[in-house]
Amino acid sequence: MNSTRKPLIAGNWKMYKGGLAGVELASALKKVARDVPNVDMVIAPPFTVLAACAHEVEGSSIAIAAQNFYPKNEGAFTGEVSAPMLRDSGCTWVLVGHSERRQYFGETDASVAERTRVAIAAGLEPIVCVGETLAERETGQTIAVVNRQVSAFVNLLTHHAVIAYEPVWAIGTGKTAGPNEAEEVHMAIRAQLERRGLGMTTRILYGGSVKADNAAALLACPNVDGALVGGASLEASTFGAIARAAQGLVSSR
Ligand code: 13P
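Overview of the structure. Please read these numbers as outputs of a predicted model, since none were measured by experiment.

Scoring rules and cut-offs
Residues numbered from 1 in each chain as written. Predicted model: local features only at pLDDT ≥ 70, side-chain atom pairs only at ≥ 80, totals over all residues. Heavy atoms only, no water. Phe/Tyr/Trp six-rings, centres within 6.5 Å; stacked < 30°, edge-to-face > 60°. Lys NZ or Arg CZ within 6 Å of the ring centre and 35° of its normal. Helix = DSSP H or I, 4+ residues; strand = E, 2+ residues; numbered from the N terminus. Expected span 1.5 Å × (residues − 1). Buried < 20%, exposed > 50% of the residue type's maximum accessible area, 1.4 Å probe, protein only. Contact = heavy atoms within 4.5 Å. Core = buried A, V, L, I, M, F, W, Y, C linked by side-chain atoms within 4.5 Å. Salt bridge = Lys/Arg side-chain N within 4 Å of Asp/Glu carboxyl O. Pairing = 2+ DSSP bridges. Right-handed = clockwise from strand over helix to strand, strands pointing away. Axes fitted to C-alpha atoms, helices over the stretch in contact; angles between N-to-C directions.

### Examining the packing of aromatic side chains
Piece 1. Taken as a whole, this structure holds three aromatic pairs when the rule is applied.
Piece 2. Positioned over the ring face of Phe105 is Arg101, at 4.2 Å from the centre of the ring.

### Brief notes about helix H1 (residues 20–35)
Piece 1. The end-to-end C-alpha separation of H1 is 24 Å, in line with the 22 Å expected for 16 residues at 1.5 Å each.
Piece 2. Regarding H1, the residues found buried are Gly22, Val23, Leu25, Ala26, Leu29, Val32 and Ala33.
Piece 3. Lining the buried residues of H1 we find strand S2 (40–44), helix H2 (50–56), strand S3 (62–66) and helix H10 (236–251).

### Focus on the nonpolar core
Piece 1. Counting 69 residues, the largest nonpolar core has Ile9, Leu29, Met41, Phe153, Ile189 and Tyr206 as its most contacted members.
Piece 2. Residue contributions to this core peak at seven residues, all from H10.
Piece 3. Other than its neighbours up to four places away in sequence, Tyr206 contacts Tyr165, Pro167, Ala170, Thr176, Ala177, Ala182, His186, Leu218, Val224, Gly226, Ala227 and Leu228.
Piece 4. Counting residues in each nonpolar core, the second largest holds 14 residues, with Leu8, Ala10, Ala44 and Ile127 among its members.

### What about the pattern of salt bridges?
Piece 1. Taken as a whole, this structure holds 14 salt bridges when the rule is applied.
Piece 2. Across the pair Glu107 and Arg115 runs a salt bridge whose closest N-O atoms are separated by 3.4 Å.
Piece 3. The network of salt bridges with common partners includes Arg5, Arg190 and Asp225.

### Quick word on helix H8 (residues 179–195)
Piece 1. For H8, with 17 residues, the first-to-last C-alpha span of 24 Å sits near the 24 Å given by 1.5 Å per residue.
Piece 2. Residues of H8 that are buried: Ala182, Glu183, Val185, His186, Ala188, Ile189, Arg190, Gln192 and Leu193.
Piece 3. Buried residues along H8 sit against strand S5 (125–130), helix H6 (134–138), helix H7 (142–151), strand S6 (162–165), strand S7 (203–207) and helix H9 (212–219).

### Let's talk about the pairing of S7
Piece 1. Most of S7 sits out of view: five of its five residues are buried.
Piece 2. Taking every second residue as pointing to the same face, both faces of S7 are buried, with Arg203, Leu205 and Gly207 on one and Ile204 and Tyr206 on the other.
Piece 3. Sheet analysis places S6 next to S7, joined by four bridges and oriented parallel. Note on S7: the bridge partner recorded for Val162 is Arg203.
Piece 4. A crossover links S6 with its parallel partner S7, the connecting element being H8, and its sense is right-handed.
Piece 5. For the segment spanning S7, H9 and strand S8 (residues 226–229), crossover handedness is right-handed.

### Re the sheet that holds S3
Two pairing modes exist for strands in a sheet, parallel and antiparallel, and in both the strands are linked by backbone hydrogen bonds.
Piece 1. Read around the closed barrel, eight strands run S1-S2-S3-S4-S5-S6-S7-S8, paired in parallel fashion. Adjacent strand axes in the sheet meet at a mean angle of 25° when their direction is disregarded.
Piece 2. Bridge count between strand S1 (residues 8–12) and S8: four bridges; the pairing is parallel. Its bridge partner being in S8, Gly11 is matched across the sheet by Val229.
Piece 3. Packed on one face of the sheet, H10 meets S1, S2 and S8 and runs near 165° to S1.

### Description of unusual backbone geometry
Piece 1. A positive phi angle is found at Lys14, which is not glycine, with a value near 55°.
Piece 2. Mapped onto the elements, Lys14 comes out in the loop between S1 and H1.
Piece 3. Since its relative accessible area comes to 19%, Lys14 is described here as buried.
Piece 4. Even without being a glycine, Lys17 presents a positive backbone phi close to 60°.
Piece 5. If you trace the backbone, Lys17 turns up in the loop between S1 and H1.
Piece 6. On the basis of relative accessible area, Lys17 is assigned to the partly exposed category, the value being 24%.

All we've got here are geometric facts, nothing functional implied.
Below you can see the structure in the form of structure tokens.
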């Protein structure tokens, strides 16, 4: 972490906790948020509980993200949800281009860029996700792949946007990039941001099997500004431990 950027710990609930359990988790996290005043906390529940979670965390420092949206404001698009609808539900953030969207739902660099543009136009702060597959890493293409993914949307970003580096092979597998591996990719992303005048302000999160016991080492990297957490964000105790690790690093400066 770097002292000019406030750490951001985001929880991507994926397709879990879509009912009462989600509201209960949001409620439990309000207590955590009070313990971590120097950390921004964002949670991304499923669509079905966005409004209820937004209501639940009102008055706390926790912000609500959606996991996806359709990049049209309204229309005959059965089953889809627009950015203005997310705003109406209490969201201020949205994940864009998560690898599971790229892998299972046909998202491409072009559709990720389009969603980034529409999210910003609607007043949502995007967390745009990038990351290489295992095959790409093993063939030495990591930096080239991530640079290509970032270059598709970097010229659309404002100071509020966030980039998440999530190596696909580290998601849900228990394998994490080591701090040096993460920092190398974050530095490459930072260099692209610097060329756009966004290097100092834009937060770059690491995601992929972040847990309470590896968070501090990853967050200690100068270009890692926070974490995008999947599995460990589904319990207040484990997500809270990661947020507290970030708070601990800020306090020890
Ligand atoms: P895990 O933390 O479960 O590996 O998931 C990471 C992720 O995909 C967050 O968006």
